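The lines below spell out each chain.
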Amino acid sequence: VPAVRIRNFCIIAHIDHGKSTLADRLLQATGTVEDRQMKEQFLDNMDLERERGITIKLQAARMNYTAKDGQQYVLNLIDTPGHVDFSYEVSRSLVACEGALLVVDASQGVEAQTLANVYLALESNLEIIPVLNKIDLPGAEPERVIGEIEEIIGLDCSGAILASAKEGIGINEILEAVVERIPPPPNTINERLRALIFDSYYDSYRGVIVYFRVMDGTVKKGDRIHLMASGKEFEIDELGVLSPTQKQVDELHAGEVGYLGAAIKAVADARVGDTITLSKAKAESPLPGYAEANPMVFCGMFPIDADQFEDLREALEKLELNDAALHYEPETSSAMGFGFRCGFLGLLHMEIVQERLEREYNLDLIITAPSVIYKVITVKGEELYIDNPSRLPSPNDREKIEEPYVQVEMITPETYVGSLMELSQNRRGIFKDMKYLAQGRTTLTYELPLAEVVTDFFDQMKSRSRGYASMEYHIIGYRENPLVKLDIMINGDPVDSLAMIVHRDKAYNVGRAMAEKLKELIPRHQFKVPIQASIGSKVIASEHIPALRKDVLAKCYGGDISRKKKLLQKQAKGKKRMKSVGTVDVPQEAFMAVLRLD
Ligand code: GDP
Ligand code: MG
């Protein structure tokens, strides 16, 4: 196909605004997928994604479309993930496109995540086509939402398309607009090969399958390729396009989107953002914008049964083949035994990995509360990065501690502004900006310590706004703060996996709340269990769990059968998720107690 008849585009949308439904309609309307083989939501095919209603992985689809001008076009739709944790992947898939459909639910409006992605698209000079979706809904107010898009983004909406992905309204207009308004890729077929990796996944039979956009030159099956960031070389044994299932071809040219297999062992060897070139005719410089995915959130993962340690290691090794952003290293905890310290892009990424380990690998794990990376300058002038609070150097050895800060943007109905400001202030937030939008909606901007966001900020924001507010955040750098280490002792022993780093001004309250929460969460034992919170050698909070009274069980045996059953059921359920810390059984919830203090 000549470049002039190719259009590469993606869809930017907030969750639930209809991206997947629209993508399906486009595939159907172009005959790419026949109606009868149309699985519901073809593009979102990971189980986890569908269950959570989120898009995690990027994929692409190539469609043939005969436009009103009578010409046949190739339209490549590149799907983007819809969550902040994966914004780097979003940025790479945008760079692979010349245009974007901005899909906004006409009964809702612009949301924070949509904004973040539109700004990324504008930075990459993409042609943006606004699509007001769900106009079939009685509550749809396309005019109001168009006003909002113009006001917030400053985007000309005179050519906005009114659509209903569900009812199939506006689909042809969208396809025509893609052809007419999105520019074709530049014709750089005669330059040296440069192809941008925007996604990859591990296949146990074929090795890593790489999705790419050819930016310059030509790539052929059998070519020996060189990856400019990883420095690795491979021979292409499979080359193809996604229509949307994989279909092999012999070569792909500048402007085209495709996939390749080359016996690549792990996705870390062919990362998103890397540039593919030819070994025998290397490009002079890689495509701009490559960055390593840096984990921001860390937690400990320990098998409940120590015998599962090797299984956990194997499972992490397998997941790593498919997830270049997952980091892990062995961790030994005096309280928990052998496990791993794992690093993630964000909380969602962390939850996805945990869930896969438990579901797909049948592991029973205890997971410790999420932590960020602290930067410590020692008295000797060394710079240390601490991803595990229990490893924080003692106050005598450290000069200062810095913690990562993020800028958080929230969009909310005006009624919840007060409550969200209170939440942000409680989390040590620094107010930056507030803007009134049309129709009683407001944007709020705060700078917050990442540590305060990775606890339950998102859930709190959702519950305080009855689900109406949305947020987006990005890292803005490290800042010094008077932080201290809070230790928790159970039955007289410090539990390293419960140690946390908190702001000095909050330490007393957090310590007291932790001790109370643990008292609630840890079951009674045959003996009295003291619980203490301390800073250094100073105990700041002290509680105890009274010993079980023998007659409690005796009473059960005596009479009330259903109560006894309940008690035993509760025990059985609890057992699965308990870790013995010394002689005390501590349930999973206790390790996450810090997330549920208020
Ligand atoms: P995504 O999260 O952006 O991929 O959104 P989905 O495509 O999964 O759609 C979210 C929900 O909105 C689903 O229940 C869809 O059936 C529904 N939906 C999508 N488009 C429309 C539309 O045009 N009209 C109506 N009424 N519902 C729609
Ligand atoms: Mg979707």
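Residues numbered from 1 in each chain as written. Chains lettered and ligands numbered in written order. Predicted model: local features only at pLDDT ≥ 70, side-chain atom pairs only at ≥ 80, totals over all residues. Heavy atoms only, no water.

Visitor: Is there a simple way to explain the side chain of E176 in this structure?
Guide: The topology assignment puts E176 in helix 6 (residues 171–181). Among buried Asp, Glu, Lys and Arg side chains, E176 stands out as unpaired, with K68 the closest opposite charge at 4.8 Å. Separated by 2.9 Å, the side chain of E176 and the backbone nitrogen of K68 make a polar contact. In this structure, E176 is in contact with Y65, A67 and K68, ignoring residues within four places of it in sequence. (Helix = DSSP H or I, 4+ residues; strand = E, 2+ residues; numbered from the N terminus. Buried < 20%, exposed > 50% of the residue type's maximum accessible area, 1.4 Å probe, protein only. Lys, Arg positive; Asp, Glu negative; His and termini not counted. Salt bridge = Lys/Arg side-chain N within 4 Å of Asp/Glu carboxyl O. Polar contact = N/O pair within 3.5 Å; in protein donor to acceptor, adjacent residues only side chain to side chain. Contact = heavy atoms within 4.5 Å.)

Visitor: What should I look at first to understand the sheet that holds strand 15 (residues 257–261) in this one?
Guide: Sheets are built from strands that pair by backbone hydrogen bonding, the pairs being arranged parallel or antiparallel. Taken together, eight strands build an open sheet; the order of strands is 11-10-16-7-8-15-12-13 and the sheet is antiparallel. Strand pairing shows two members of the sheet lacking a second neighbour, strand 11 (233–235) and strand 13 (246–248), which therefore form its edges. Going from strand to strand, the sheet's axes swing by 40° on average, the running direction of each strand aside. Relative to strand 11, strand 10 (residues 224–227) is paired through three bridges, and the arrangement is antiparallel. What sits directly across from H226, in strand 11, is E233. Across the sheet, helix 3 (residues 87–95) is in contact with strand 7 (194–203) and strand 8 (207–216); its angle to strand 7 comes to roughly 130°. (Pairing = 2+ DSSP bridges. Axes fitted to C-alpha atoms, helices over the stretch in contact; angles between N-to-C directions.)

Visitor: Help me out: how do you make sense of the site of ligand 1 in this one?
Guide: Contacts to ligand 1 come from 16 residues, most closely from D16, K19, S20, T21 and D136. Between ligand 1 and K19 there is a distance of 2.8 Å, counted from an oxygen atom to a backbone nitrogen or oxygen. When ligand 1 sits alone it has 580 Å² of accessible area, and the protein chains cover 79% of it. In terms of residues, the shell around ligand 1 owes the most to one element, helix 1 (residues 19–29), which gives three residues. Residues belonging to the shell around ligand 1 are distributed by class as follows: three nonpolar, eight polar and five charged. (Near = heavy atom within 4 Å. Areas by Shrake-Rupley, 256 points an atom, 1.4 Å probe, with all protein chains shown as cover. Nonpolar A, V, L, I, M, F, W, Y, C, P; charged D, E, K, R; others polar.)

Visitor: How do you make sense of the packing of aromatic side chains when you look at a structure like this?
Guide: By convention here, two paired aromatic rings are described through the distance between centres and the angle between planes. One pass over the structure, following the stated rule, counts seven aromatic pairs. Judged by centre distance (6.3 Å) and plane angle (55°), the ring pair of F198 and Y211 falls under tilted. Taken together, the residues span a long stretch of sequence, with F198 in strand 7 and Y211 in strand 8 at a distance of 13 residues. As far as burial versus exposure is concerned, F198 and Y211 are alike and both buried. Aromatic side chains F309 and F340 sit 5.0 Å apart centroid to centroid with 0° between the ring planes, which places their arrangement in the stacked category. Taken together, the residues span a long stretch of sequence, with F309 in helix 7 (residues 309–321) and F340 in strand 19 (residues 337–344) at a distance of 31 residues. Classification of F340 as buried rests on a relative accessible area of 1%. By the ring-pair criterion, three or more aromatic residues cluster together here, those being F309, Y328, F338 and F340. (Phe/Tyr/Trp six-rings, centres within 6.5 Å; stacked < 30°, edge-to-face > 60°.)

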